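What follows is each chain in one-letter form.
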Amino acid sequence: MSTKPLDPQTVLDIDGYLKPDVPAIVHRHDKFRHWKDIIEKYEGGYDKFTKGYLKFGLNVNPKNEVTYREWAPNAKEAYLIGDFNEWNRTSHPMKKDEFGVWEIVVPPLPSGACAIPHDSKIKISMILPNGSRIERLPAWIKRVTQDLSVSPVYDARFWNPPASEKYVFKNAQLTKPVDLRIYEAHVGISTSEPRVGTYKEFTRDILPRIKNLGYNAIQLMAVMEHAYYASFGYQVTSFFAATSRCGTPEDLKELVDTAHGMGITVLLDIVHSHACKNVLDGINEFDGTDHMYFHEGGKGRHDLWDSRLFNYGHHEVLRFLLSNLRFWVEEYHFDGFRFDGVTSMMYKHHGIGTGFSGGYHEYFRDGADEEGIVYLMLANDSMHSLHPNLITIAEDVSGMPLLGKPVDVGGVGFDYRLSMAIPDMWIKLLKHKQDDEWNMGNIVHTLTNRRYGEKSIAYCESHDQALVGDKTLAFWLMDKEMYTHMSDLTPMTPIISRGIALHKMIRLLTHSLGGEGWLNFEGNEFGHPEWLDFPREGNGNSFHYARRQWNVVDDPMLRYKYLNNFDAAMNHLAAQYGWLESQPAYVSLKNETDKVIVYERAGLLFVFNFHPTQSFTDYRVGVEEAGEYKIVLSSDDGRFGGFDNIKLDSKFFTTPLGWNGRKNFLQVYIPTRTCIVLAK
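Residues numbered from 1 in each chain as written. Predicted model: local features only at pLDDT ≥ 70, side-chain atom pairs only at ≥ 80, totals over all residues. Heavy atoms only, no water.

K.L.:
I keep staring at the overall build of the protein and nothing clicks. Help me out?
P.N.:
Helix and strand content of the protein: 16 helices and 29 strands. Counting only C-alpha atoms and orienting by the principal axes, one finds that the protein spans roughly 85 × 60 × 45 Å. Burial analysis of the protein (680 residues in total) assigns 59% to the buried set. Of the contacts made within the protein by residues no fewer than 6 positions apart, 72% connect residues no fewer than 24 positions apart. (Helix = DSSP H or I, 4+ residues; strand = E, 2+ residues; numbered from the N terminus. Buried < 20%, exposed > 50% of the residue type's maximum accessible area, 1.4 Å probe, protein only. Contact = heavy atoms within 4.5 Å.)

K.L.:
Any chance you could explain the packing of helix 10 (residues 421–432) against helix 11 (residues 440–448) here in plain terms?
P.N.:
Each pair of packed helices can be summarised by the angle the axes make with each other and by the distance between the axes. Two elements in contact, helix 10 and helix 11, have axes separated by 9 Å at closest approach and are oriented at 160°. Put simply, helix 10 runs roughly antiparallel to helix 11. Crossing hand, helix 10 versus helix 11: left-handed. Between helix 10, through Ala421, Ile422, Met425, Trp426 and Leu429, and helix 11, the contact on the second element is made entirely by Asn442, Ile443, Thr446 and Leu447. The residue makeup of the contact of helix 10 with helix 11, split by class, is seven nonpolar, two polar and no charged. (Axes fitted to C-alpha atoms, helices over the stretch in contact; angles between N-to-C directions. Parallel < 35°, antiparallel > 145°, perpendicular 65-115°, else oblique. Left-handed = near helix turned anticlockwise from the far one by under 90°. Nonpolar A, V, L, I, M, F, W, Y, C, P; charged D, E, K, R; others polar.)

K.L.:
So what exactly am I meant to see when it comes to helix 4 (residues 199–212) here?
P.N.:
Here helix 4 is 14 residues long and its end C-alpha atoms lie 19 Å apart, about the 20 Å a rise of 1.5 Å per residue gives. Among all positions in helix 4, only Tyr199, Glu201, Phe202, Thr203, Ile206, Leu207 and Ile210 are buried. Those residues of helix 4 that are buried lie in contact with strand 10 (181–186), strand 11 (217–221), strand 13 (236–242), helix 5 (249–261) and helix 15 (550–554). Just downstream of helix 4 lies Gly214, where phi reads positive at about 90°. (Expected span 1.5 Å × (residues − 1).)

K.L.:
For this particular structure, what's the right way to read the packing of helix 6 (residues 315–332) against helix 9 (residues 370–386)?
P.N.:
At a minimum axis separation of 10 Å, helix 6 and helix 9 run at an interaxial angle of 40°. Between helix 6 and helix 9, the interaxial angle falls into the category oblique. Where helix 6 crosses over helix 9, the handedness of that crossing is right-handed. Counted together, Leu318, Leu321, Leu322, Leu325 and Arg326 of helix 6 and Tyr375, Leu378, Ala379, Ser382, Met383 and Leu386 of helix 9 form the full contact between these two elements. Looking at side-chain class alone, the contact of helix 6 with helix 9 contains nine nonpolar, one polar and one charged residues.

K.L.:
Is there a simple way to think about the packing of aromatic side chains in this case?
P.N.:
Each aromatic ring pair is specified by the distance between its two centres and by the angle formed by the two planes. Enumeration over the complete set of coordinates arrives at 45 aromatic pairs. Aromatic pair Tyr229 and Phe534: ring centres 4.9 Å apart, planes at 85°, arrangement edge-to-face. In this pair, Tyr229 sits in the loop between strand 12 (224–226) and strand 13 while Phe534 sits in the loop between strand 21 (517–521) and helix 15, placing the two residues 305 residues apart along the sequence. Note on accessibility: Tyr229 and Phe534 belong to one class, buried. Between Phe566 and Phe640, the ring centres sit 5.3 Å apart and the planes meet at 80°, which makes this aromatic pair edge-to-face. Of the two residues, Phe566 is situated in helix 16 (residues 560–577) and Phe640 in the loop between strand 26 (628–634) and strand 27 (651–653); the sequence distance between them amounts to 74 residues. (Phe/Tyr/Trp six-rings, centres within 6.5 Å; stacked < 30°, edge-to-face > 60°.)

K.L.:
Quick question: what am I supposed to make of the sheet that holds strand 24 (residues 604–609) here?
P.N.:
The strands making up a sheet associate through hydrogen bonds between their backbones, and the pairing can be parallel or antiparallel. An order of 22-23-24-29-26-27 is seen for the six strands of this open sheet, with the pairing classed as antiparallel. Two strands bound the open sheet, and with one partner strand each, they are strand 22 (586–591) and strand 27. The mean angle between the axes of side-by-side strands here comes to 25°, regardless of whether they run parallel or antiparallel. In terms of strand pairing, strand 24 meets strand 29 (residues 674–679) through five bridges, oriented antiparallel. Note on strand 29: the bridge partner recorded for Leu605 is Leu678. Of the strands in this sheet, strand 22 and strand 23 (596–601) touch helix 11, which is tilted by about 155° from strand 22. Helix 16 contacts strand 24, strand 26 and strand 29 of the sheet and is inclined by roughly 140° relative to strand 26. (Pairing = 2+ DSSP bridges.)

K.L.:
Explanation requested: the sheet that holds strand 2 (residues 66–71) in the structure shown.
P.N.:
Read across the sheet, four strands follow the order 1-2-5-4 without closing on themselves; strand pairing throughout is antiparallel. Each edge of the sheet is formed by a strand with only one pairing partner; in this case those strands are strand 1 (57–60) and strand 4 (95–96). The pairing of strand 1 with strand 2 spans four bridges and is antiparallel. Among the inter-strand pairings, Leu58 is bridged to a residue of strand 2, identified as Tyr68.

K.L.:
Hey, could you run me through unusual backbone geometry in this one?
P.N.:
Negative phi characterises most residues that are not glycine, and trans characterises most peptide bonds. In this structure, Asp644 takes a positive phi of about 55° despite not being glycine. Note on placement: Asp644 falls in the loop between strand 26 and strand 27.

K.L.:
Would you take a moment to explain the nonpolar core for this structure?
P.N.:
Nonpolar side chains tend to gather and get buried jointly when the protein is soluble and globular. If you look at the biggest cluster of nonpolar residues, it comprises 186 residues, and the most contacted ones within it are Leu220, Leu252, Tyr293, Trp328 and Trp426. Sort the elements by how many residues they give to this core and helix 6 lands first, with 10 residues. Excluding its chain neighbours within four sequence positions, the residues that come into contact with Leu252 are Tyr199, Leu220, Val223, Ala242, Trp328, Tyr332 and Phe334. Among the nonpolar cores identified, the runner-up in size contains 18 residues, and Phe616, Tyr619, Leu666 and Leu678 belong to it. (Core = buried A, V, L, I, M, F, W, Y, C linked by side-chain atoms within 4.5 Å.)

K.L.:
Help me understand the environment of Glu530 in this model?
P.N.:
Residue placement: Glu530 occurs in the loop between strand 21 and helix 15. Glu530 gets classed as buried once you look at its relative accessible area, which sits at 12%. Separated by 125 residues in sequence, Glu530 and Thr655 place their C-alpha atoms 48 Å apart. Filtering out sequence-adjacent residues up to four positions away, Glu530 remains in contact with Thr472, Phe475, Tyr483, His544, Tyr545 and Gln549.

K.L.:
Can you walk me through the state of the cysteines in this structure?
P.N.:
Cysteine pairs can be linked by a disulfide, which is a covalent bond between their two sulfur atoms. Within the structure shown, the criterion is met by zero disulfides. In this model Cys246 remains outside any disulfide bridge; the closest cysteine sulfur is found in Cys276, 18 Å from its own. Taking the relative accessible area as the measure of exposure, Cys246 reaches 6% and is therefore buried. (Disulfide = S-S within 2.5 Å.)

K.L.:
What is the right way to look at helix 6 in this model?
P.N.:
The end-to-end C-alpha separation of helix 6 is 25 Å, in line with the 26 Å expected for 18 residues at 1.5 Å each. Most of helix 6 sits inside the fold, with 15 of its 18 residues counted as buried. One or two positions beyond helix 6, positive phi appears at His333, with a value near 65°.

K.L.:
Sorry, what's going on with the pattern of salt bridges here?
P.N.:
For the coordinates displayed, the defined rule picks out 43 salt bridges. A salt bridge links Asp119 to Arg143; the shortest N-O distance between them is 3.7 Å. With Asp119 in the loop between strand 5 (101–106) and strand 6 (121–127) and Arg143 in the loop between strand 7 (133–136) and strand 8 (144–147), this residue pair connects regions lying 24 residues apart in the sequence. We note a salt bridge from Arg498 to Asp435, for which the minimum N-O separation is 2.7 Å. Here the residue Arg498 occupies a position in helix 14 (residues 494–513), and Asp435 occupies one in the loop between helix 10 and helix 11, the gap between them amounting to 63 residues. (Salt bridge = Lys/Arg side-chain N within 4 Å of Asp/Glu carboxyl O.)

Just geometry here; none of it tells us what the structure is for.
Below is the structure:
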């Protein structure tokens, strides 16, 4: 059955300003329908098409027969080689079909055992039309390993553990949370020691921290195998292999399953925007051509990332990428994806040297990469139809309209978009403005400026701000005094006092006003000192900055604990009152003289005083609902490094007189650089 055409009126009902661009939106939807109908007609629909990993690569049946299939249309001969046949380049020839797919079935040994030993090395050897021989790692390989003492080039491994060693999932996958509080994490840096951390250590040591902090989701970075550790996982070589630096596939399955047992949703940072240009251990020039998985020539290369760009308009590339999504969900039980580099995928200029003003002409005309957009539509539509609870998040800086709307109404289909303008705003303020120059109206505008009906993930800082060359919020605020004055045994200097106060205020303001979800990069919840720098030639291959210093937050004498305590209180309060899943806030006050912001959301009243020197007694604030209010969170609380100037048992009674557009008002004491949250 053919896919239903898009009714142009559906688009206009969402956003009337899209009227000039409706033809382009309908055209891309027609392209999507074309591909979906082809998949339905020739491949048996999404369900069969996205299970390519069960057809391609190495698969073992109950009889211990190994079937290996690989798409390599340019090759004239192909052979399976490895430890199992002592690397004999002629003993195991493969057969090619009319679509360029090579196949071989390796029978079991006379004993009935699998002829290819578990975890043994394997490759495909091919003869090209010019007679030369090339050897590659299978494109769909599920495990690769690296021995840097021998070579940086990866070895492919046949992963087929005995039943006794296979991880068996114990917990059901979770229903989709409506109030995403995401802890962005990198397993490798999640140890205090100067080395690569492991999946098992993360499961044992970090998951309990995340749970106690009140996060209900983790977003794992750098899981897909990547040749260069310092790429932060963004130069993927083997798309179906979990990085072996941190352990085995079974270890990662245990991590995901344990998180589910704690009620934590697990998202994967998926990289389908580009691929590593490595030939020997990647998928670049797999069959000797420049244009197999990628566009040929300049169109297939990203100048800034020095990587290859996928040909999203090719049938087999779609099979590879869509099956890759399904693989991580089915095999590892991931609950969804944060799609990296979505801006690069949606525009022919890839966002290079281009700013976005918000003008609609920037989104749908000649600059749009229709093939990339249609791939994202297929990815979202297929995964949501197969797994309705799946979550997808777009990393897009452009502000593309309809990005977070379902495909059947003309959207690209994402559940959320990252609010990438928010961290930029905070960094610019801290870098270029004195505290008394902060504009409350501009801050509120940036935090609330999102497309109606499209959900956003708000954040103050992510891994981008933690990397060497940039600074975290804590480092911008406190800089070198973090080394000397973060002990309770030292005086509370003006810089540390300001830093702790603003760190809490910035995070709560962003959390409660900025979106329908929240994201924090690991360590930033307690103001992690220093930056993140992976071992590389420029730093003597040191792990000193490629780790998280949990010792500083665990030390009861250090002030990092105050920020950690506040982060936990903030998340638990959000879970209790549900502000992330509620309607956007009503902002009743943005006072530039007093530097005060007041708003209501989810029945809570938020009051922020950003003034660097002024405290206010009996400060009148508007509130819609009449009644008696109490304090449910105060940044001035001593548990959070505050001064305990605000009495937490205070009661506040409304007066039925309109104030700042609200039906009632109440009066609060709000000291300098503090925020309070009131509830009935």
